[in-house]
Structure formats: structure tokens, C-alpha cells
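Chain by chain, the residues run as shown.
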Number of protein chains: 2
Amino acid sequence: MQVDIGKSILDRNERLAVENRALFDRHGVFVLDLMASPGAGKTATILATIATLRDRYRIAVIEGDIASKVDAEKVKAHGIPAVQINTGGACHLESDMIKRAIAAFDLDELDLIIVENVGNLVCPTDFYLGEDAKVMILSVPEGHDKPYKYPGIFQVSEAVILNKVDTMSMFDFDEQEFRSVVHSLNPKAPIFSISATKGEGVSAWTDWLAERIDAAREKAKARPSNGQE
Amino acid sequence: MQVDIGKSILDRNERLAVENRALFDRHGVFVLDLMASPGAGKTATILATIATLRDRYRIAVIEGDIASKVDAEKVKAHGIPAVQINTGGACHLESDMIKRAIAAFDLDELDLIIVENVGNLVCPTDFYLGEDAKVMILSVPEGHDKPYKYPGIFQVSEAVILNKVDTMSMFDFDEQEFRSVVHSLNPKAPIFSISATKGEGVSAWTDWLAERIDAAREKAKARPSNGQE
């Protein structure tokens, strides 16, 4: 059963996403859309990513939540520009929210914007925001059966982060089964096992991200429309 | 920002919920709508509840998921009738799905139906299914800040279960702050700290539920329209 609200909202979202994309291209900014359940460790992963990459890239963060501004405050406490979006009730971010949020940044002063989507394994899946990549986090306490139940989000993600691996011994989590199901849904996506709060495994993830950022830059340089001449 | 799909879908849902409600009343069935994030332990809590209450009440379960039937199979393995609803993509259950699911049960042979809603702290909040009570689960690994971010679901719940308390030492979870914020959002809701897999604290929760079920029965008996004469 699908509620057929879809087409006009998605069309409008898509149109604005393309505008966002053009803006990011013009300013050479790489945008990551990070999706996960509530409490999977999105903010902790963002902070770990910032700690590793801040000397290499100029980073800003857009935090999406139904309510509250606790996450943006956490990021700002680390000296990183952050904007909080409160959706009021909507369970995902949309392109127009991103469009308004980026108005707070000087895009020429940024290399990477990390967007923390609303905590949810369903709604963010269908909404293109103009990002370069969607990446999702699953945390060990959520259980290895989640790819069976929420296949869509595993399919649209270009990489999957398995967080809180330091707590593996406390939970009945079959990592081999998890990797095998994710692989069957999405053969190309790498899976990074990390503990964001302990720093474990983070460098493999940030190496992948840095490679993606650098590749996008090379591609942008090669485009004649982006040249300075 | 709220997407205004709302009124006609909610109206239709409400109308069918009232029909479900009338059916539950006619057959004296208590219906619980259990909501939580993916992996918070809904199915484990249902299994613990069944283990405690199965000698006292005749129980059935409706499992809601985007995809898969793993949860219904887990419940059936315990000899309890279960129906799996796959929403396809919708992030919550609606009344018409419940209406179709209960057609699989003989309601005269049941005292309690537990509905496991789709894993999500947002969407299920607004949809009345005809249930007697909505109850939500938050698990310790998700973090004590969730009531700030998802206030709505804490407000519509008649009781809040805090699950996985056996893992408290692994996480930076401030239980006192959690209880105080939940209390400020919803002063009447009791908060039950449990470990569904270890059985810890489960009896306080099931005592509360049994009291609610018995009270609903007494009320039903007192209604003249429900008499046998």
C-alpha cells in the first residue's frame, strides 16, 4: 500500500534538487546526504569525520530534525559552521529546505557539506537533494535483520557504515549475514565497520570519502564551463 | 515545513479506524499499537509480553514492515497467530491495513492483539488505527536525547518502554534526564525500564498492560449494547 501523494511533490523536489546541484557544482562543493535511524550515531559519525578531514577540507554541516537544535549545537561546539533545519513533522529533508539552509553559508569557502537527514530508514530514500552521494549508517544494536526490512535505503546508498561495532559482544548481531544481505541488495557499496565514538575504523571511511571528494573535484576541473578562463 | 497531503488521507484513515474500534468492542478485544525505531526491540518486547501473559489472555500479533516477513515468523514460532503486513514503502500502518489483517483472525478467540507498527519515530504518530492504546519503545543505544528530537511520539504514547537497559554501561545514556524530558512532554505516561531479551523489568510493564486490558473489559461489560440478553 503506497499513498499516492507522490508525483507532484517529488517533481518539485527534483527540480529544486537540480538547482542545488548546479549551485554546488559552480562552487566546487561536495555534498554528502547521511541517513540512519534515530540514535544510530549520525552526529557522532559526522564529528569523527570532521576530526579526521578538517585539516584537508573546509567543512559545514546541515542538521535535519523534526524538532530541537541539539545536533547543530554539538557541531558548532567544534568550530564548524552548522545550520539546523526543523521539519516540524516531515520525516525527511527536501530540496527546498537545503536551498534555504545553504543560504547561510559562503559556498566559496567550503569543500564539503555534510547533511544529516531526519532519523528514519524510510522517508529520506526517495528524495534527491542535489547531493553527490547518499550514505547510510546502521548501528549494531539495531540488529542485522534491518536490510531485509528496509531494503530501499540500503539500495540507494553508495556506502554503508556499520556503527557501534565496539558493542558487538552485547548484541546478537551476525556481521557476516549483514554483509551478505547488504551485498545482495547493493553489490557495489563498500561497508565500513566503525565505532564513531571510539574512532575505530573511521579512517577507512574517511579515505573513501576523501577519494570521492577529490574525484568530484577533478571532474569539475575538467568541465569547460567551470574553467576560470 | 509540513507536506499538506494530510486531510483526506487522515479522514479516510479515521473513518476506518472507528470501524475497527467498533469491531474490537463487539468482540471484546484489546488492541495495542506498539511503536519504535528500527531495532529498538519491538519484536523482542512482544515475545517477552507473550511469554508473561499467554496463560492469562489469548493473544495474536499483527506485524508491520516495509518488506519481509521475518517478524511474523518469529512470533508464529512461539505458537501465536500472526499476520505480516508489508507496506511496500509507507512508513506507518493505516486502518485499512489493520482491517484486512484482522480478517485472518477469529476475534471471538482473542483477548489481545498486539500491532507492531513500522519502525519509525515519526509517521505512526498521526494514525489512529482503532487501538486501545499506543505505547512506544526507546532503546538505550538510541540515546537519551530522542524525546527532544521526536516529541510527538512521546506525547501520543500512553506508556513508554525503555528497552535494552542491560546495555546501559556501554552507552552514555542519562536515564534521569530521559525520564525528566519524557515527563515534561507527557506527565501521565509511566516509563518502564526493561531488558526484553533478559526478561528484566518486564513484569511491571505486563502488569500495567493487564490492568488496562481488564479495565477495558469491565467497561465493555458495563455497556448495555454489549450484553448477551
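The structure under discussion appears in the preceding block.
Overview of the structure. (Residues numbered from 1 in each chain as written. Chains lettered and ligands numbered in written order. Predicted model: local features only at pLDDT ≥ 70, side-chain atom pairs only at ≥ 80, totals over all residues. Heavy atoms only, no water.)

If you tally the helices and strands in chain A, you get eight helices and seven strands. In terms of overall size, chain A behaves like a compact globule, its C-alpha atoms giving a radius of gyration of 17 Å where 229 residues would be expected to give roughly 17 Å. Each principal axis of the C-alpha distribution contributes one length, and for chain A these read about 55 × 45 × 35 Å. Taking all 229 residues of chain A together, the buried fraction comes to 58%. When contacts within chain A are restricted to residue pairs at least 6 apart in sequence, those whose partners lie at least 24 apart make up 71%. Carbon together with sulfur atoms contributes 51% to the accessible area of chain A, which is approximately 9500 Å² in total. The averaged location of the 35 negative side-chain charges in chain A is 3 Å from the averaged location of its 26 positive side-chain charges. (Helix = DSSP H or I, 4+ residues; strand = E, 2+ residues; numbered from the N terminus. Rg over C-alpha atoms; globule rule 2.2 N^0.38 Å. Buried < 20%, exposed > 50% of the residue type's maximum accessible area, 1.4 Å probe, protein only. Contact = heavy atoms within 4.5 Å. Areas by Shrake-Rupley, 256 points an atom, 1.4 Å probe, with all protein chains shown as cover. Lys, Arg positive; Asp, Glu negative; His and termini not counted. Charge placed at Lys NZ, Arg CZ, Asp CG, Glu CD.)

Between chain A and chain B, the residue contacts involve 44 residues of the former and 45 residues of the latter. In total, about 3300 Å² of surface goes out of reach between chain A and chain B, with carbon and sulfur atoms giving 63% of it. Seen at the junction of chain A and chain B, the total is four salt bridges. Applying the counting rule to chain A against chain B returns eight residue pairs in polar contact (both at pLDDT 80 or more). (Buried area = accessible area lost by both parts, 1.4 Å probe. Salt bridge = Lys/Arg side-chain N within 4 Å of Asp/Glu carboxyl O. Polar contact = N/O pair within 3.5 Å; in protein donor to acceptor, adjacent residues only side chain to side chain.)

Our next topic: the state of the cysteines. Residue and element names in this part refer to chain A. A full pass over the atoms with the stated rule returns two disulfides over all chains. The side chain of Cys91 participates in a disulfide bridge whose partner is Cys123; the two sulfur atoms lie 2.2 Å from each other. With the S-S bond torsion at -95°, the cross-link from Cys91 to Cys123 turns out left-handed. With Cys91 in the loop between strand S3 (82-86) and helix H4 (95-102) and Cys123 in the loop between strand S4 (112-116) and strand S5 (133-139), this pair connects stretches of sequence that are 32 residues apart. Of the two residues, Cys91 and Cys123, neither departs from the other in class, the shared state being buried. (Disulfide = S-S within 2.5 Å.)

In this section: the sheet that holds strand S3 (residues 82-86) of chain B. Residue and element names in this part refer to chain B. With parallel pairing, seven strands are arranged side by side in an open sheet as S3-S2-S4-S1-S5-S6-S7. The two strands at the open ends of the sheet, each matched to only one other strand, are S3 and strand S7 (191-193). Averaged over neighbouring strand pairs, the angle between their axes works out to 20° when direction is ignored. Both strand S6 (residues 159-163) and S7 contribute to a ladder of three bridges, which runs parallel. Bridged to Val160 within S7 is Ile191. Packing against the sheet, helix H2 (residues 42-53) makes contact with strand S1 (30-36), strand S2 (59-65), strand S4 (112-116), strand S5 (133-139) and S6, and its axis sits at approximately 180° to S2. Sheet strands touched by helix H8 (residues 202-222): S1, S4, S5, S6 and S7. Its angle to S1, the strand with the most contacts, is close to 145°. (Pairing = 2+ DSSP bridges. Axes fitted to C-alpha atoms, helices over the stretch in contact; angles between N-to-C directions.)

Looking now at the relation of the copies chain A and chain B. Note on the copies: chain A fits chain B at an RMSD of 0.0 Å, the axial shift is 0.0 Å, and the rotation between them is 180°. Such a turn and shift between the copies fits a two-fold axis. Counting the interface residues of chain A, we find that 100% of their copies in chain B are interface residues as well, pointing to one common contact surface. (Least-squares fit on C-alpha atoms with pLDDT ≥ 70 in both.)

Residues and elements named next belong to chain B. Assignment of secondary structure puts Glu116 in strand S4. Notably, Glu116 is buried but unbridged: the nearest opposite-charge side chain belongs to Lys42, and the N-O separation is 4.3 Å. A distance of 2.9 Å separates the side chain of Glu116 from the side chain of Thr43, its partner in a polar contact. Discounting residues that sit within four places of it in the chain, Glu116 has contacts with Leu34, Lys42, Thr43, Ile46, Ile62, Glu63, Gly64, Asp71 and Leu93.

Let us look at the pattern of salt bridges. Overall, the coordinates contain 41 salt bridges over all chains when judged by the stated rule. Note that Asp71 of chain A and Lys74 of chain A form a salt bridge whose closest N and O atoms lie 3.9 Å from each other. Highlighted residues: Asp71 of chain A and Lys74 of chain A, both in helix H3 (residues 70-76), separated by three residues, approximately one helical turn. Owing to a relative accessible area of 38%, Lys74 of chain A belongs among the partly exposed residues under this scheme. The closest approach of N and O atoms between Arg21 of chain B and Asp25 of chain B, which form a salt bridge, is 2.9 Å. Of the two residues, Arg21 of chain B and Asp25 of chain B are both situated in helix H1 (residues 6-27); the distance of four residues between them amounts to about one turn of the helix. One salt-bridge network, in which partners are shared between bridges, spans Asp71 and Lys74 of chain A together with Asp145, Lys146 and Lys149 of chain B.

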